[in-house]
Amino acid sequence: GPANGLSFIDLIYGQKELKGFFVTAWLKEGGPSRMIPRMMAAGKDVNAGLKGPDGWSCTQFCDTTMENAKEDLLELLAGKSTGKKLRIRLDNAV
């Protein structure tokens, strides 16, 4: 993809480097005997973030009705709404 925001002067004259890795290559590194423990350890960290209301992947839904959607959306946009999603409930569960 395109390299936006990079200073090629720094890369060329400042001898800075860009490095990345593929998760699959990292997992397979060292063969199957090393791959399985690596997968188990990485899975434990990832799964911990998926569980519970405080996990790193947790999304907080703000329920609203169709009638209040505009006001609630403006309120979310005006504040710090990181990790929150507005969910319009068409049933009367709000």
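The sections below set out a description of the structure shown in this document.

Conventions we followed
- Throughout this document, residue positions are counted from 1 along each chain, in the order its sequence is written.
- In keeping with the model being predicted, local features are shown solely for residues with a pLDDT of at least 70 and side-chain atom pairs are shown and tallied solely at 80 or more, while totals for entire chains, interfaces and linings include all residues.
- Where side-chain values are given, they derive from all heavy atoms of the structure, hydrogens and water being excluded.
- By the criteria applied, helices consist of DSSP H or I runs no shorter than four residues and strands consist of E runs no shorter than two, each listed in order from the N terminus.
- Only protein chains enter the accessibility calculation, which uses a 1.4 Å probe; a residue whose area is less than 20% of its type maximum is buried, one above 50% is exposed, and one in between is partly exposed.
- Contacts are assigned to residue pairs that have any heavy atoms within 4.5 Å of one another.
- Per-residue accessibility takes into account occlusion by the displayed protein chains alone, with areas from the Shrake-Rupley method and a 1.4 Å probe.
- Each patch groups residues whose relative accessible area exceeds 30% and which form no salt bridge, using 9 Å between like charges and 5 Å between nonpolar side chains of Val, Leu, Ile, Met, Phe, Trp and Tyr.
- Think of a salt bridge as a Lys or Arg side-chain nitrogen and an Asp or Glu carboxyl oxygen that are within 4 Å of each other.

Let us look at the overall build of the chain. The secondary structure content of the chain amounts to 4 helices and 2 strands. The linear arrangement of helices and strands in the chain, starting from the amino end, is α-α-α-β-α-β. Within the chain, buried positions represent 7% of all 94 residues. Sequence separation of 24 or more characterises 35% of the internal contacts of the chain that already satisfy a separation of 6 or more. Of the accessible surface of the chain, which amounts to about 8400 Å², a share of 59% is contributed by carbon and sulfur atoms.

Let us look at a nonpolar patch on the surface. Taken together, the side chains of Leu6, Phe8, Ile9, Ile12, Tyr13 and Leu18 present a nonpolar region at the surface, about 700 Å² in accessible area. Residue placement: Ile12 occurs in helix H1 (residues 8-12).

Overall, the coordinates contain 5 salt bridges when judged by the stated rule. Notably, a salt bridge pairs Lys16 with Asp10, separated by 4.0 Å at the nearest N-O pair. Here Arg87 makes a salt bridge to Asp63, at a shortest N to O gap of 2.7 Å. Linking Arg87 in strand S2 (residues 84-88) with Asp63 in strand S1 (residues 60-64), this pair joins segments that are 24 residues apart in sequence. What you see here is one network of salt bridges that share partners, running through Asp63, Arg87, Arg89 and Asp91.

So, about unusual backbone geometry. Glycine aside, negative phi is the norm for most residues, and most peptide bonds take the trans geometry. Of note in this structure, Gln15 is not a glycine but carries a positive phi near 55°. Residue position: Gln15 is located in the loop between H1 and helix H2 (23-28). Gln15 sits in the exposed class, given a relative accessible area of 67%.

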